[in-house]
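A structural walkthrough
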Amino acid sequence: MLQSARCGIAYRPIWQALCALALFNPVTTAQAQEARSVVMLDSDWRFFDGDAPDAIAPEYVDAAWQKVAVPHTWNRVGYYHHNLGGVNTAASVRKRQGIGWYRLHFAAPQDSQGKRQWLEFDAASRTAKVWLNGKYLGEHRGGFSRFRLDATAAMRTGDDNVLVVRVDNSQPKADGPTADVLPLTGDFFVHGGIYRPVRLVTTAPLHIDMADFGGPGIRATTLSASAEAATIDVAVRIANDGARAAKAMIKVSLVDRDGREAATATVPATLAVSAKAEVATKLAVSAPHLWHGTTDPYLYDLVIQVSDASGRLTDVLRQQYGIRTMTFDAAKGFLLNGAPYRLRGVGYHQDRDGKGWAISRADVEQDIATIREMGANTIRLTHYQHGHDVHDLANRAGILVWDEIPLVSMWTLGGKREADPALVANARQQLSELIRQNQNNAASAIWGLANEVDFGNSLPAFLTGGTDGKYIDPMPLLAQLRDLATKEDPSRPTALATCCEGRLFASDVEIPVTAPAADLGGANRYFGWYFGQPDELGPHLDVLRAKRPTQPLAVTEYGAGGALTIHTDNVLGAPADSRGASQPEEYESYIHETALAQLDARPWLYATWLWNSFDFATTIRTEGDAQDINTKGLVAYDHVTRKDAYYFYKANWNPAPMVHITGKRYSTRAYPVTDVKVYSNAASTELLLNGRSLGVKNDCPQKICIWSAVTLDEGANALVARGKHPGGEVSDHAAWDLPAYARSHMVIDTGTLVAGKSSNRVLGSDNWFKGGNAASLDTPANYGKPAVLAQIGGTQEREAMATYRQGTFSYRVPAADGRYRVKLWFATASTQKAGAFDVKIGKKTVLRSFRPAIPVSGAVTEAKIFTVKAKGTLAFDFVAGSGDARVSMIEIERVR
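Parameters at a glance
- All residue numbers here refer to positions counted from 1 along the written sequence of the relevant chain.
- The predicted origin of the model limits local features to residues at a pLDDT of at least 70 and limits the giving and counting of side-chain atom pairs to 80 or more, whereas totals for whole chains, interfaces and linings rest on all residues.
- Note that water and hydrogens are dropped before the side-chain values are worked out from all heavy atoms of the structure.
- The helix count covers DSSP runs of H or I at least four residues long, the strand count covers runs of E at least two residues long, and both are numbered beginning at the N terminus.
- Here the radius of gyration uses the C-alpha set of atoms, whereas the globule reference equals 2.2 Å times the residue count to the power 0.38.
- Relative accessibility thresholds used throughout: buried, under 20% of the residue-type maximum; exposed, over 50%; partly exposed, between the two (1.4 Å probe, protein chains only).
- Any two cysteine sulfur atoms lying within 2.5 Å of each other are counted as a disulfide.
- For this count, His and the chain ends are skipped, Lys and Arg are scored as positive, and Asp and Glu as negative.
- We define a salt bridge as a contact between a side-chain nitrogen of Lys or Arg and a carboxyl oxygen of Asp or Glu at a distance within 4 Å.
- In protein, a polar contact requires one atom able to donate a hydrogen and another able to accept it; more generally it is a pair of N or O atoms within 3.5 Å, and residues adjacent in sequence count only if both atoms are side-chain atoms.
- Only heavy atoms matter for contacts: two residues are in contact if any of them lie within 4.5 Å across the pair.
- At least two DSSP bridges between two strands are required for those strands to pair.
- Interaxial angles span 0 to 180 degrees and are taken between N-to-C directions of axes, which are lines fitted to C-alpha atoms, for helices over the stretch in contact.
- Note that the term roughly parallel is reserved for angles under 35 degrees, roughly antiparallel for angles over 145, roughly perpendicular for angles of 65 to 115, and oblique for everything else.
- Crossings are classed by handedness, with left-handed meaning an anticlockwise turn of the near helix from the far one by less than a right angle and right-handed meaning a clockwise turn.
- Residue type decides the class: Asp, Glu, Lys and Arg count as charged, Ala, Val, Leu, Ile, Met, Phe, Trp, Tyr, Cys and Pro as nonpolar, and the leftover types, Gly among them, as polar.
- Planes of paired rings set the category: under 30 degrees apart is stacked, over 60 is edge-to-face and the rest tilted, where pairs are Phe, Tyr or Trp rings (Trp by its six-membered ring) whose centres lie within 6.5 Å.
- Only buried Ala, Val, Leu, Ile, Met, Phe, Trp, Tyr and Cys residues count toward a nonpolar core, and they belong to the same one when joined by side-chain atoms within 4.5 Å.
- Known as pLDDT, the predictor's confidence for each residue is given on a scale from 0 to 100.

1. Here's the deal with the overall build of the protein
For the protein, the count of helices and strands is 11 helices and 51 strands. Taking 2.2 N^0.38 as the reference for a compact globule, 896 residues should give roughly 29 Å; the C-alpha atoms of the protein span a radius of gyration of 32 Å, in line with that estimate. Principal-axis analysis of the C-alpha atoms gives the protein an extent of 110 × 65 × 50 Å. Split into buried and exposed, the 896 residues of the protein put 60% on the buried side.

Listed below in structure tokens is the structure:
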């Protein structure tokens, strides 16, 4: 039974003595280390890649097992088809999911007699069973959160101890061993292993509770804060594992950076044998230094000291704490400490090339620096609980984070209409762990309940699980989770990221409206990528806001894939292929440029998170220039190689002067005339080509400076962009090459975003057109399924001939004055209808009522050749007649 009161009230003599000790005896480092010791268990582990149930026995011989260090994962997933952006290869990837075993021999601390011993795992995926010296300690089901196991009874003090861990990251299947462990599915790979740190924690019998869903046993909440004063509510869970009842004094202090106590309070307590209790107090802080995001991420230390009846310090814990208030407003957006604060940020997965999920603090620190360099001030930690390091670093950097549990798209298996009770319990467990472990972080702002559980019966093919195309209502589960989150932490709002409300679906598709199931709305919307047009994002958000005008709304995902080695001459040449190879780097930039303009025009959005900060692993994608990688990152899988879109945001979000020439990796150019785009936040920007100035641009809209119709030199083209600002000058360089034949011979691969390959020349993608639409004789790839390629006779450039522009359309191709040989290519399949159309070059109709030949089977090509004159421009007009006009390729060669 707990008895508690505050110092300052008339206590019995023992309480008065304890109050005096707590108030006037500050803790020393030696005392703190004696009260609680932490030993990292990171080296000399042995790992077996498979099942080894006999390994539980302490005497088991594991000498043949692989020697590893923890963090560790056996998985390596995802690689590029080139040597940019990562070291993984087809030969080095390991996608096996299932059971793995770990063993460790270690010595317990010599002075641990009579103390409590805890094994602390920051994460083990996706389930973990743990034995110590052959004694089963317990199981944790969930691959993302910290858990602790009481190892006291099994520990051999001062002797060799054998720790055995069995992990299982099997993909959940109905009636399988992980069927009740979230996530059931998702567009990311669940790695296996003990992929975060492991520790041995030693405490006195009277200690801060270690069995608090992996949390610190402390809950601190800022009730109010201003420049004048702040009030902080603090609750501490105390455990007495001793053999007799215990009296304790708990001192709570808020210590500033200079080591001064800004506020303090003490609370006495009495605990029975094997009892736990919670004590509470409030701290009153005068003139607090507020935590104000990236502007001023000031952190205090919250120090908890536990002393016994003799005044001996039995436990001490120190945590960062930032004093701040947050408000989410449907009209004003997000307010930090009462002032508007625009949240602009990124989604973030925890894996990286060559390491998988077994990343180090240094890796996370590098990622945070990269994210801050681009100017982001918030991170959506997706789609699961992330580790301590990223939260600690976000606290220090002033980055607000959205935390979420791995309830992603599915919550039933095997055709069931309702979630199994065990899965519901797992979702509740993971949510409680998420909140308890992160609620003292100044950075943690939002509890995310789920991601894209509103597919209804339109669940994409890659998210399998036996829903049988039937609608499953997510609202009962969401209601439970919202109630739990509010009970655990009423100071923070809940949120959802939705995929589908307001989108166009077939008449037989049921889409649930889930946004009301959380305090905050969040929309994952990929206009111009998976559906719709890029400029439809803003109007769509307006519709969502009109439906729920009092619910704050954010954009939780938007973006597009961007391949480092795939490029286009015109982002409008054809639709991008979100399921296949046609994912040029330039198109990713275009989507972000278009989206940001619409988002900036809606200041009522409380936040925007682009998708994604870094490329990440998944096993459902064969796209762009990669295998098993989602290429929507602004930075490649190596977390180093930045794509052009990264610099677009840096120019807009980071005030530090910068310039960046786009298209550096498109180094061998197809056309002698091209636009040059530079991202620049400088007041004025000059572009030079081989030392010649091409002019100066001032205060470019959206920080995008474009020099149109730049004529390249044959051979090497050295581009230099110089941005002038009050403090000096910044510059960037690019090196392009124009092959000799491309100077006088252009080949336009029509109807395509990415030009086809040729064995002996560089083809350009569709450009300089107006009207019509792109089409192909091929059937495109879809979620890993390869494209069905048309068999086209009479050509060695099949890719180029397969695509075409059709309808009524025109081309205006820049060309120096002179004579040109023009070859128009037409590829026609046996399945196409015969229809006539006209073709004009300049003012002359060169083909009238033309009908390309239609083969009996397959597809064939034919060419029409003309000699024409140009004066600055070559004009082509394709006019539909009884059928759409079309053209597969246009060759233009200068006649000397």
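2. A look at the state of the cysteines
In this structure the tally under the stated criterion is 2 disulfides. The disulfide that involves C499 links it to C500, with 2.1 Å between the sulfurs. Looking along the S-S bond of the C499-C500 disulfide, the torsion reads about -90°, which is the left-handed sense. One exposure class covers both C499 and C500, and it is buried. The disulfide partner of C700 is C705, and the gap between their sulfur atoms is 2.0 Å. Residues C700 and C705 are joined through a disulfide that is right-handed, its torsion about the S-S bond being 105°.

3. Quick notes on the side chain of E452
Topologically, E452 is positioned in the loop between β28 (444–451) and α6 (475–488). Although buried, E452 forms no salt bridge, and the nearest oppositely charged side chain, R525, lies 6.8 Å from it. At 3.0 Å, the side chain of E452 forms a polar contact with the side chain of N524. Leave out the neighbours within four places in its chain, and E452 touches S409, A497, T498, C499, N524 and E557.

4. Regarding the pairing of strand β22 (residues 326–329)
Here β22 shows one buried face, formed by M326 and F328, and one open face, formed by T327 and D329. Inspection of the sheet shows β22 paired to strand β23 (residues 333–336) by 4 bridges, in the antiparallel sense. From the neighbouring strand, F328 faces β23, where its bridge partner is F334. Where β22 folds back onto β23 in an antiparallel hairpin, the turn is made up of 3 residues.

5. Section: the packing of helix α3 (residues 361–373) against helix α4 (residues 388–397)
Between α3 and α4, the shortest axis-to-axis distance is 9 Å and the interhelical angle comes to 40°. With respect to each other, α3 and α4 are oriented oblique. Between α3 and α4 lies a crossing whose hand is right-handed. Between α3 and α4, the residues in contact are R361, V364, E365, I368 and R372 and D389, V390, D392, L393, R396 and A397, respectively. Residue composition of the contact of α3 with α4, grouped by class: 5 nonpolar, no polar and 6 charged.

6. A look at α4
Residues of α4 that are buried: V390, H391, D392, L393, A394 and N395. Note on α4: the residue one or two positions beyond its end, G398, has a positive phi of about 80°.

7. Comments concerning the packing of helix α7 (residues 537–547) against helix α8 (residues 585–600)
With their axes 9 Å apart at the nearest point, α7 and α8 run at an angle of 35° to one another. Within the contact between the two elements, α7 uses L537, G538, P539 and L541 and α8 uses A595, Q598 and L599. Its residues placed into classes, the contact of α7 with α8 shows 5 nonpolar, 2 polar and no charged.

8. Some details on the environment of A339
Looking at where A339 falls in the secondary structure, it is placed in strand β24 (residues 339–340). The exposure class of A339 is partly exposed, given its relative accessible area of 28%. Put simply, A339 and G502 are 163 residues apart on the chain and 32 Å apart in space, counted from C-alpha to C-alpha.

9. Description of the sheet that holds strand β39 (residues 704–711)
Reading across the sheet, the 3 strands line up as β35-β36-β39 and stay open at both edges, with antiparallel pairing between neighbours. Across the chains shown, the open sheet's two edge strands, defined by having one partner strand only, are β35 (659–661) and β39. When the angles between neighbouring strand axes are averaged without regard to direction, this sheet yields 20°. Here strand β36 (residues 673–680) runs beside β39; their pairing, made up of 6 bridges, is antiparallel. For V673, the partnering residue across the bridge sits in β39 and is T711. Against the sheet, helix α9 (residues 644–653) contacts β35, β36 and β39, and its axis sits at roughly 45° relative to β36.

10. As for the sheet that holds strand β2 (residues 45–48)
For sheets, the rule is that strands pair by backbone hydrogen bonds, running either parallel or antiparallel. Taking strand neighbours across the sheet as the criterion, the 6 strands line up as β3-β2-β5-β10-β7-β8 in an open arrangement whose pairing is antiparallel. Looking at which strands have only one partner, the edges of the open sheet turn out to be β3 (66–68) and β8 (135–141). Going across the sheet, the axis of each strand differs from the next one's by a mean of 25°, ignoring polarity. Note: strand β7 (residues 127–132) against β8, 6 bridges, orientation antiparallel.

11. Regarding the packing of aromatic side chains
Scanning the model with the defined rule gives 38 aromatic pairs in all. Between F188 and Y384, the ring centres sit 5.5 Å apart and the planes meet at 55°, which makes this aromatic pair tilted. A residue pair is termed long-range when its members are at least 10 positions apart, and F188 in the loop between β10 (160–168) and β11 (198–203) and Y384 in the loop between β26 (378–381) and α4 qualify at 196 residues. Their ring planes at 65° and their centres at 6.0 Å tell us that Y348 and F614 sit as a pair that is edge-to-face. Of this pair, Y348 sits in strand β25 (residues 343–348) while F614 sits in the loop between β32 (607–610) and β33 (616–623), and the two are 266 residues apart along the sequence. Here Y348 matches F614 in class, with each residue buried.

12. Quick look at the pattern of salt bridges
All chains considered together, the criterion is met by 55 salt bridges. Here D122 ties to R146 by a salt bridge, and the two come within 2.7 Å at their closest N and O atoms. With D122 in the loop between β6 (116–121) and β7 and R146 in the loop between β8 and β9 (147–150), the pair connects residues that are 24 residues apart, well separated along the chain. Relative accessible area serves as the criterion here: at 18%, R146 is assigned to the buried category. K650 is the salt-bridge partner of E373, the closest N and O atoms lying 2.9 Å from each other. With E373 in helix α3 and K650 in helix α9, the pair connects residues that are 277 residues apart, well separated along the chain. Look at E373 and you get partly exposed, because its relative accessible area is 27%. Through salt bridges with shared partners, a single ionic network connects D209, D212, R237, K276, R436 and E488.

13. Details of the environment of Y558
Position of Y558 relative to the elements: it lies in the loop between β31 (553–557) and α8. On a C-alpha basis, the gap between Y558 and S589 in space is 12 Å, while along the polypeptide they are 31 residues apart. Setting aside chain neighbours within four positions, we find Y558 in contact with R525, Y526, H592, A595, L599, T608, W609, L610, W611 and Y649. Looking at Y558, its side chain comes within polar contact range of the side chain of Y649, at 2.9 Å.

14. Description of the side chain of N133
One can find N133 in the loop between β7 and β8. Under the relative-accessibility criterion, N133 is labelled buried at 13%. Beyond its immediate sequence surroundings of up to four residues, N133 is in contact with P58, A154, M155, R156, D160, N161 and V162.

15. As for the nonpolar core
With 66 residues, the main nonpolar core has Y348, M374, I379, L541, Y587, L610 and Y649 as its most contacted residues. Elements with a minimum of two residues in this core: β25, α3, β26, α4, α7, β31, α8 and α9. Tallying contributions element by element places α9 first for this core, with 7 residues. When residues no more than four places from it in sequence are discounted, the contact partners of Y348 are V364, D367, I371, I379, R380, L381, T382, H386, V390, N612, S613 and F614. Residues I232, A275, V285 and Y300 belong to the second largest nonpolar core, which totals 33 residues.

16. Structural notes on the confidence of the model for the protein
Residue-level pLDDT values for the protein average 93, and 95% of them are 70 or greater. Residue range residues 1–25 is modelled with pLDDT below 50. Its contacts to residues more than four positions away, or to other chains, number 55 contacts.

17. Overview of unusual backbone geometry
The peptide bond linking V70 to P71 adopts the cis configuration, its omega dihedral lying at 10°. Checked against the element boundaries, P71 lands in the loop between β3 and β4 (79–80). The linkage connecting W611 with the following residue, N612, adopts the cis geometry, with an omega of 15°. Residue position: N612 is located in the loop between β32 and β33. A positive phi angle is found at S409, which is not glycine, with a value near 70°. Examined against the element boundaries, S409 turns out to sit in the loop between β27 (400–404) and α5 (421–438).

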